[in-house]
Amino acid sequence: MSEVKKIATRDSYGNALVELAKEHPDVVVLDADLAAATKTGVFKKAYPDRHFDCGIAESNMMAAAAGMAAMGLVPYASSFAMFAAGRAFEQVRNSIGYPHLNVKIGATHGGISVGEDGASHQCCEDFALMRSIPGMTVLCPSDDVEARAAVKAAYEHEGPVYLRFGRLALPVFHDEATFKFEIGKGEQLTEGNDVAILATGLEVNEALIAAEALKNEGIHARVINLCTVKPLDEEIVLKAAKECGAVVTCEEHSIFGGLGEAVAGVLGEKCPTPMRRVGVKDVFGHSGPAWELLSQFGLRSDAIIAAVKELV
């Protein structure tokens, strides 16, 4: 059997920007002295006159992106999630969100899997921050195919978009020839009526691994990929809750303010359902090998399986 291709979604981001710029001369890219890490360096090489290094000044970069958007350009402002969502939050809120400008924020290195960079860089609060801004769309793709599609969809969407990409190389499980991406729409990946596993980003592949293991034990899990954290696809969430009767959410993010709370809010109002949230608890991360940290913080498939068994 051939080995599954693995690509980090931050690489997908850089490659997608280059492809997008070929067709759209209004696309520009801003970076905050991290072009090599965010992979916007490939865009800089291809389109040096459309790439702007703003230095280690993320807040100023967001303000500059807002100005460019006001001029009719479509800027992709890029940095680590901790800096794009955290350090620059006020500028994102007031300069981009409030006037509803057409800025796309490419946030790489989200979550615990930043690994050795440690707690200061392991942003597990970005969904919560960005979801709180009115009119902000929040996307977290699960593999290379979805990530590149999300970058294109963000361009076609009028208004601010926050895209979260990862550092780790992840299996590519989507078929590019048949995959269709739409902002605000979830994607059912497996059949099952015993439990619904709703996942985003890196956790989607872990959910698929968990579902396969659970099937061997007679538990049939419906895995749903929710790349769009906001606006949430309430239709697919409610359908899964009604048909499965139990829900587990999975995210490489704090259990506070992210996908789990978004799903819980919908279910609490419209379809009360037993559920569990797999995510980072009320703790900071720390330095260490990425996959070991994901295990330690309860974000691998074994933690998903345990959450399912609590319910089923």
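These notes cover the structure that comes with them. Being a predicted model, the structure only gives us computed values, none of them experimental.

1. Structural notes on the pattern of salt bridges
- Here the structure, examined in full by the defined rule, presents 15 salt bridges.
- Close ionic contact of Arg148 with Glu176 constitutes a salt bridge, the shortest N to O distance being 3.0 Å. One end of the pair, Arg148, is in helix α8 (residues 144–156); the other, Glu176, is in the loop between β8 (169–171) and β9 (187–188), with 28 residues separating them in the sequence.
- Look at Arg148 and you get partly exposed, because its relative accessible area is 23%.
- With relative accessibility at 47%, the residue Glu176 sits in the partly exposed group.
- Here Glu261 ties to Arg277 by a salt bridge, and the two come within 3.9 Å at their closest N and O atoms. Within this pair, whereas Glu261 is found in helix α11 (residues 259–270), its partner Arg277 is found in strand β14 (residues 275–280), the two being separated by 16 residues in sequence.
- The exposure class assigned to Glu261 is partly exposed, which follows from its relative accessible area of 35%.
- Where salt bridges share partners, they join Asp144, Arg148 and Glu176 into one cluster.

2. Structural notes on empty space enclosed by the protein
- Following the criterion strictly, the structure yields 1 cavity of 30 Å³ or more and no others.
- Approximately 100 Å³ is the volume found for the largest cavity.
- Taken together, the residues of the lining of the largest cavity sort by class into 6 nonpolar, 4 polar and 3 charged.

3. Some thoughts on the nonpolar core
- Core analysis: the biggest nonpolar cluster contains 30 residues, and Ile197, Ile304 and Val308 have the highest contact counts within it.
- At the level of secondary structure, the elements contributing two or more residues to this core comprise β10 (195–199), α9 (203–215), β11 (221–225), β13 (247–254), β14, α12 (290–296) and α13 (301–311).
- At 5 residues, the largest contribution of residues to this core is made by α9.
- If we skip the residues at most four places from it in the chain, Val308 touches Val195, Ile197, Leu214, Ile219 and Val248.

4. Some words on the environment of Glu58
- You can see Glu58 is positioned in helix α4 (residues 58–70).
- Judged by relative accessible area, which is 3%, Glu58 ranks as buried.
- Looking at Glu58, its side chain comes within polar contact range of the side chain of Arg87, at 2.8 Å.

5. Some thoughts on unusual backbone geometry
- Omega for the bond connecting Lys230 with Pro231 falls within 30 degrees of zero, at 0°, which places this linkage in the cis form.
- With respect to the helices and strands, the residue Pro231 is situated in the loop between β12 (228–230) and α10 (234–244).
- The residue His100 is not glycine, and still its phi comes out positive at about 50°.
- For His100, the position within the fold is in the loop between α6 (89–97) and β5 (104–108).
- A positive phi angle, close to 60°, is found at His109, a residue other than glycine.
- Among the structural elements, His109 can be located in the loop between β5 and α7 (126–131).
- The class of His109 is buried, set by a relative accessible area of 2%.

6. Side note on the packing of α10 against α11
- Here α10 crosses α11 at 65°, and the two axes come no closer than 10 Å. Crossing hand, α10 versus α11: right-handed. Of the residues in α11, those touching α10 at Glu234, Val237, Leu238 and Ala241 are Val263, Val266, Leu267 and Lys270.

7. Here we look at α6
- Taken together, the buried positions of α6 are Val92, Ile96 and Gly97. In an axial view of α6, the angular spread of the buried residues amounts to 75°, which keeps them on one side of the axis.
- Contacts from the buried residues of α6 go to α4, α5 (81–87), β5 and α7.

8. A short note on the pairing of β14
- As defined by bridge partners, β13 adjoins β14 across 5 bridges and the pair is classed as parallel. Bridged to Cys250 within β14 is Val278.
- Note on the crossover from β13 through α11 to β14: the handedness is right-handed.

Calculation notes
Residues numbered from 1 in each chain as written. Predicted model: local features only at pLDDT ≥ 70, side-chain atom pairs only at ≥ 80, totals over all residues. Heavy atoms only, no water. Salt bridge = Lys/Arg side-chain N within 4 Å of Asp/Glu carboxyl O. Helix = DSSP H or I, 4+ residues; strand = E, 2+ residues; numbered from the N terminus. Buried < 20%, exposed > 50% of the residue type's maximum accessible area, 1.4 Å probe, protein only. 1 Å grid on protein atoms, 1.4 Å probe; cavity = no way out; pocket = protein on both sides within 12 Å on 5 of 7 lines; lining within 4 Å. Points joined across faces, edges and corners; volume = space filled by probe spheres on them. Nonpolar A, V, L, I, M, F, W, Y, C, P; charged D, E, K, R; others polar. Core = buried A, V, L, I, M, F, W, Y, C linked by side-chain atoms within 4.5 Å. Contact = heavy atoms within 4.5 Å. Polar contact = N/O pair within 3.5 Å; in protein donor to acceptor, adjacent residues only side chain to side chain. Axes fitted to C-alpha atoms, helices over the stretch in contact; angles between N-to-C directions. Left-handed = near helix turned anticlockwise from the far one by under 90°. Arc of directions from axis to C-beta. Pairing = 2+ DSSP bridges. Right-handed = clockwise from strand over helix to strand, strands pointing away.

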